[in-house]
Amino acid sequence: MKIIYVMDPYDGWCYAGSEHILRLYMRYRSLLEFEVLPAGMLRGELCCHHRPENATAALRSLKTIEKETKAQFGEKHKQALQNEEFLMDSEIPCRAIMAVRQLTPEQTIPFTHALLHARFNHGMDLNDTATYLELCELLDIDKQAFYQVFSSAETKELTNRSFQVADELAETFPTLLYVDDDMTLNLAKGYTPYDILDLRIDRILKGEATGLEED
């Protein structure tokens, strides 16, 4: 039995719900396996630089997310939206998540949570390896081991495979799935409040009816 968390490091709704995912992980990790599936929302031709003409629309989007979720985006992130040199390329932070997933699976959810906060709260550069080494230090992950795995061809290939699976499983982010030998249930398609997620998982574990969509 496991929970699959499909997300992207550049998705503001994923940031807004990241605290919920961390809480669920801390509550249910002894009962369920948790797997982070990075989605690669901005990759290849979809990679893009911040544009001043898009800053107003981006800030408007942040306000919508804040209003609907009560999450707060940091001022440093809002300032970073004005930096034209900043390239948004999901492959790099997604590969960082996959590196941690290989090294220390139990730290993948906390690392992903910290990564989203690094971007959307502190405005840190997800193209800079130093960002991930700082997060590794914060979570007591071996920095040298992380760098080796992060830089490997194998991890790049695993990241690309993750994108392919995410494309099949999710149409929006974040998506949360419950998977066991008999079924796959959609726990959430998009941002979902913690209490609802917690209730759905609790009912599944108790064998009660959930009314959830089954794939």
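By convention here, each chain's residues receive numbers from 1 onward along its written sequence. For this predicted model, a pLDDT threshold of at least 70 governs which residues receive local features, and a threshold of 80 or more governs which side-chain atom pairs are given and counted, while totals over whole chains, interfaces and linings are taken from all residues. Note that the side-chain values use all heavy atoms of the structure and ignore hydrogens as well as water.

Colleague: I keep staring at the sheet that holds strand E2 (residues 33–38) and nothing clicks. Help me out?
Modeller: Consider a sheet: its strands pair through backbone hydrogen bonds, and that pairing is either parallel or antiparallel. Whether two strands pair depends on DSSP finding at least two bridges between them. In DSSP terms, a helix is any run of H or I states spanning at least four residues, a strand is any run of E spanning at least two, and both are numbered starting from the N terminus. One open sheet holds the 4 strands; their spatial order is E2-E1-E5-E6, and the pairing between them is mixed. The sheet is open, and its two edges are formed by E2 and strand E6 (184–189), each paired on a single side. Direction aside, the axes of adjacent strands within the sheet are offset by 20° on average. Of the pairings in the sheet, the one linking strand E5 (residues 175–179) to E6 comprises 5 bridges and is antiparallel in character. The residue bridging Leu177 from the neighbouring strand is Asn186, located in E6. Should any heavy atoms of two residues lie within 4.5 Å, those residues are considered in contact. Axis angles are defined between N-to-C directions and span 0 to 180 degrees, where every axis is a line fitted to C-alpha atoms and, for a helix, only to the segment in contact. Against the sheet, helix H5 (residues 108–120) makes contact with strand E1 (2–7) and E2, and its axis sits at roughly 20° relative to E1, the strand it touches most.

Colleague: Got a minute to help me understand the side chain of Asp89 in this structure?
Modeller: Its place among the elements puts Asp89 in the loop between strand E4 (87–88) and helix H4 (91–103). Despite its burial, Asp89 pairs with no opposite charge; the closest candidate is Arg95, at 7.0 Å N-O. Here the side chain of Asp89 touches Glu91 through a polar contact of 3.1 Å, landing on its backbone nitrogen. Residues within four places of Asp89 in sequence aside, it is in contact with Tyr10, Leu42, Arg43, Cys47 and Asn127. Only protein chains enter the calculation, and the probe is 1.4 Å; a residue is then buried if its accessible area is under 20% of its type maximum, exposed if over 50%, and partly exposed in between. In summary, the charge assignment counts Lys and Arg as positive and Asp and Glu as negative, without counting His or the chain termini. Definition used for salt bridges: Asp or Glu carboxyl oxygen within 4 Å of a side-chain nitrogen of Lys or Arg. Whenever a nitrogen or oxygen atom comes within 3.5 Å of another N or O atom, the pair is scored as a polar contact, on the condition that within protein one atom can donate a hydrogen and the other can accept it, and that pairs from neighbouring residues in sequence are kept only if both atoms are in side chains.

Colleague: Please explain the environment of Asp195 as it appears in this structure.
Modeller: Summarising the element assignment, Asp195 is placed in helix H9 (residues 194–206). For the pair Asp195 and Gly12, spaced 183 residues apart in the sequence, the C-alpha separation amounts to 20 Å.

Colleague: What is the right way to read the packing of aromatic side chains from this model?
Modeller: Where two aromatic rings form a pair, the distance of their centres and the angle of their planes describe that pair. When two rings of Phe, Tyr or Trp (its six-membered ring) have centres within 6.5 Å they constitute a pair, described as stacked for plane angles under 30 degrees, edge-to-face for angles over 60, and tilted for the intermediate range. Going through the model one piece at a time under the given rule, you end up with 9 aromatic pairs. Ring geometry for Tyr25 versus Phe34: centroids 5.3 Å apart, planes at 85°, classification edge-to-face. The buried category is assigned to Tyr25, whose relative accessible area is 6%. For Phe34, a relative accessible area of 13% corresponds to the buried category.

Colleague: What is the right way to look at the environment of Val165 in this model?
Modeller: Its location among the elements puts Val165 in helix H8 (residues 153–169). In sequence terms Val165 and Pro38 are 127 residues apart; their C-alpha atoms lie 9.3 Å from each other.

Colleague: I keep staring at the pairing of E6 and nothing clicks. Help me out?
Modeller: Counting buried positions along E6 gives 5 out of 6 residues, so the element sits mostly inside the fold. Connecting E5 to the next strand, E6, in antiparallel fashion are 4 residues.

Colleague: Would you mind showing me how to read the state of the cysteines here?
Modeller: As used in these notes, a disulfide is a covalent bond between sulfur atoms, one from each of two cysteines. Cysteine sulfurs are considered disulfide-paired once they come within 2.5 Å of each other. The full count for this structure, using the stated rule, is 0 disulfides. With no disulfide of its own, Cys14 lies 9.7 Å from the sulfur of Cys94, the closest cysteine sulfur. On the basis of relative accessible area, Cys14 is assigned to the buried category, the value being 0%. Take Cys136: it sits in no disulfide, and the sulfur closest to it among the cysteines is that of Cys94, at 16 Å. By relative accessible area, Cys136 is classed as buried at 0%.

Colleague: Just to check I follow, could you spell out helix H7 (residues 143–150) for this structure?
Modeller: For an α-helix, the turn length of 3.6 residues means that residues three or four places apart are oriented alike. Along H7, the residues that are buried comprise Phe146, Val149 and Phe150. Angular distribution of buried residues about the axis of H7 spans 100°; they occupy a single face of the element. Exposed residues lying more than 90 degrees from the buried face of H7 are Gln144 and Gln148. Each element contacted by the buried residues of H7 is listed here: H4, H5, helix H6 (129–138) and H8. Backbone nitrogen of Gln144 and a side-chain oxygen of the N-cap are separated by 3.0 Å at the start of H7; the cap is Asp142. Relevant arc is that of directions from the helix axis to the C-beta atoms, nothing else.

Colleague: Would you explain the pairing of E2 in this entry?
Modeller: Within E2, 5 of the 6 residues are buried, which leaves the element mostly enclosed by the surrounding structure. Both E1 and E2 contribute to a ladder of 6 bridges, which runs parallel. Pairing of Met7 across the sheet is with Pro38, part of E2.

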